[in-house]
Amino acid sequence: MSSRGPRLVLIGKQGAGKGTQAVRVAESFGVMRLATGDLFRAAINEGTEIGIEAAAFINRGELVPDESVIDLVETHLVLEDRQKRGFVLDGFPRTQVQAEALDKFLGDFSLDVVVDLDVPTEIVLHRIAGRRVCEDCGANFHVDNPPKKNAFCDLCGGEVVQRADDTEDSVMRRLELYEIETLPVIQHYRRSGALGRVDGSQEADRVFSDLLDLVKSRFSARDH
Ligand code: AP5
Ligand code: MG
């Protein structure tokens, strides 16, 4: 049996399904999921210094400055030796500077696979417009597939609301920044040979099954 789980990055447009799939794949391999957007939203709810700084950027759809995000991720990855034991990164890296910092930080414990969760823009716009999230546990819903008790989470009973940065202006800015800042990250991993692609426009179970196949094939091909 393997002594560690995969070291995996999920990249995709806003609303591509990174959060939805990261939860499932992390659970399936028994590794930690680290979602930078979720960490910032928790810090905003708690009113911490990081949260106050991040809120100004997030609500406008701007990226939080690289140094803050890199610090946050490295702090979480060193806990319990996670950088060696495996992880799923959701929403990081999304700039070239972040990708280079992650490569340097991981050193010999390099990524097993970076998945480009590919979804056309018209589909992500529909998904984001209808997305609803649990304020307490972050679970994702959609107006087309709401929680059973309407505004309350199926998993924890928390209140299910629209995300503060899911406004039209913020979403358009996030998609613009994806093209400018994140497409070069995909090129970076294509050059390094770590990149794989999954068609994220399929229904969620099918996406998950394709994702698992890809991760297993890349992970089992390496020594660990
Ligand atoms: P973050 O929270 O990462 O937001 P995002 O990148 O905009 O991505 P989303 O969470 O909107 O989409 P998702 O791909 O997770 O889709 P989901 O699974 O929810 O970041 C927020 C902000 O934090 C950033 O804008 C930035 O300011 C800051 N930040 C975070 N990381 C940063 C970094 N590294 N550097 C700088 N700043 C950073 O799915 C969307 C909807 O679709 C849901 O309703 C879901 O139920 C539904 N859905 C999912 N899959 C399917 C499917 N296959 N079929 C149908 N519906 C589906
Ligand atoms: Mg997300």
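Computed from a prediction, not measured in an experiment: that's the story for all the values here. Along each chain, numbering runs from 1 in the same order as the chain's sequence is written. Each chain is given a letter, starting from A, and each ligand a number, starting from 1, according to the order in which they appear as written. Only residues with pLDDT of at least 70 are given local features in this predicted model, and only at 80 or more are side-chain atom pairs given and counted; all residues enter the totals for whole chains, interfaces and linings. The side-chain figures draw on all heavy atoms in the structure; neither hydrogens nor water molecules are used.

Draft legend 1. Layout of the side chain of Arg7. A run of DSSP states H or I qualifies as a helix once it reaches four residues; a run of E qualifies as a strand once it reaches two. Both are numbered from the N-terminal end. Along the chain, Arg7 falls in strand β1 (residues 7-12). For each residue, the accessible area found with a 1.4 Å probe, counting protein chains only, is set against the maximum for its type, and the residue is called buried under 20%, exposed over 50%, and partly exposed in between. The positive count covers Lys and Arg only, the negative count covers Asp and Glu only, and His and the chain ends enter neither. A carboxyl oxygen of Asp or Glu within 4 Å of a side-chain nitrogen of Lys or Arg is what we treat as a salt bridge. Buried and without a salt bridge, Arg7 has Asp112 as its closest oppositely charged side chain, separated by 4.6 Å. For this analysis, a polar contact is any N or O atom pair within 3.5 Å, provided that within protein one partner can donate a hydrogen and the other can accept it, and provided that sequence-adjacent residues contribute only side-chain to side-chain pairs. One polar contact links the side chain of Arg7 to the main-chain carbonyl oxygen of Ser110, over a distance of 2.9 Å. Look past the residues within four positions of Arg7 in its chain and what remains in contact with it is Gln83, Lys84, Gly86, Phe87, Phe109, Ser110, Leu111, Asp112 and Val113. The criterion used for residue contact is that any of the two residues' heavy atoms lie within 4.5 Å.

Draft legend 2. Main features of the site of ligand 1. Of all residues adjacent to ligand 1, which total 32 residues, the nearest are Thr20, Thr36, Glu62, Arg94 and Arg131. Between ligand 1 and Lys18 there is a distance of 2.8 Å, counted from an oxygen atom to a backbone nitrogen or oxygen. Within the side chain of Asn140, an N or O atom sits 3.0 Å from an oxygen atom of ligand 1. For ligand 1, whose free accessible area comes to 1,000 Å², the fraction covered by protein is 91%. Every element with two or more residues in the shell around ligand 1 is listed here: α1 (18-29), α2 (36-46) and β6 (140-142). If a single non-hydrogen atom of a residue is within 4 Å of a molecule or strand, that residue counts as near it. Note on areas: Shrake-Rupley, 1.4 Å probe, and residue coverage restricted to the protein chains presented here.

Draft legend 3. Quick look at a negative patch on the surface. Every patch collects residues that have over 30% relative accessible area and no salt bridge, joining them within 9 Å if they carry like charges and within 5 Å if they are nonpolar side chains (Val, Leu, Ile, Met, Phe, Trp, Tyr). Positions of charges follow a simple convention, taking NZ of Lys, CZ of Arg, CG of Asp or CD of Glu. A cluster of acidic residues, Glu49, Glu53, Glu67 and Asp71, forms a negative patch at the surface. Of all elements in the fold, only α3 (49-58) and α4 (66-78) reach the threshold of two or more residues within the negative patch. Structurally, the position occupied by Glu67 is in helix α4.

Draft legend 4. Region of the structure containing the packing of α4 against helix α6 (residues 96-106). To define axes, lines are fitted to C-alpha atoms, for helices over the stretch in contact only, and angles between the resulting N-to-C directions are given on a 0 to 180 degree scale. Contact pair α4 / α6: the axes reach a minimum separation of 10 Å and the direction vectors enclose 30°. Put simply, α4 runs roughly parallel to α6. Where α4 crosses over α6, the two elements pack in a sense that is right-handed. Contacts from Asp66, Val69, Ile70, Glu74, Leu77 and Val78 of α4 reach α6 at Val97, Gln98, Ala101, Leu102 and Phe105. Angular relationships are summarised with four words: roughly parallel below 35 degrees, roughly antiparallel beyond 145, roughly perpendicular across 65 to 115, and oblique for the angles in between. Here a crossing is called left-handed whenever its near helix is offset anticlockwise from the far helix by less than a right angle, and right-handed whenever the offset is clockwise.

Draft legend 5. Just the sheet that holds strand β4 (residues 113-118), in detail. Pairing between strands requires that DSSP locate at least two bridges from one strand to the other. What the five strands build is an open sheet, ordered β2-β3-β1-β4-β8; its pairing is parallel. Taken across any chain shown, the strands that pair with only one partner, and hence form the sheet edges, are β2 (32-35) and β8 (195-199). Geometrically, the sheet is characterised by an average inter-axis angle of 20° between neighbouring strands, direction not taken into account. As paired strands, β2 and strand β3 (residues 87-90) are joined by four bridges and run parallel to one another. Note that in β3 the partner of Met32 across the bridge is Phe87. Helix-sheet contacts for helix α8 (residues 168-192) involve β1, β4 and β8, and the interaxial angle to β1 is about 140°.

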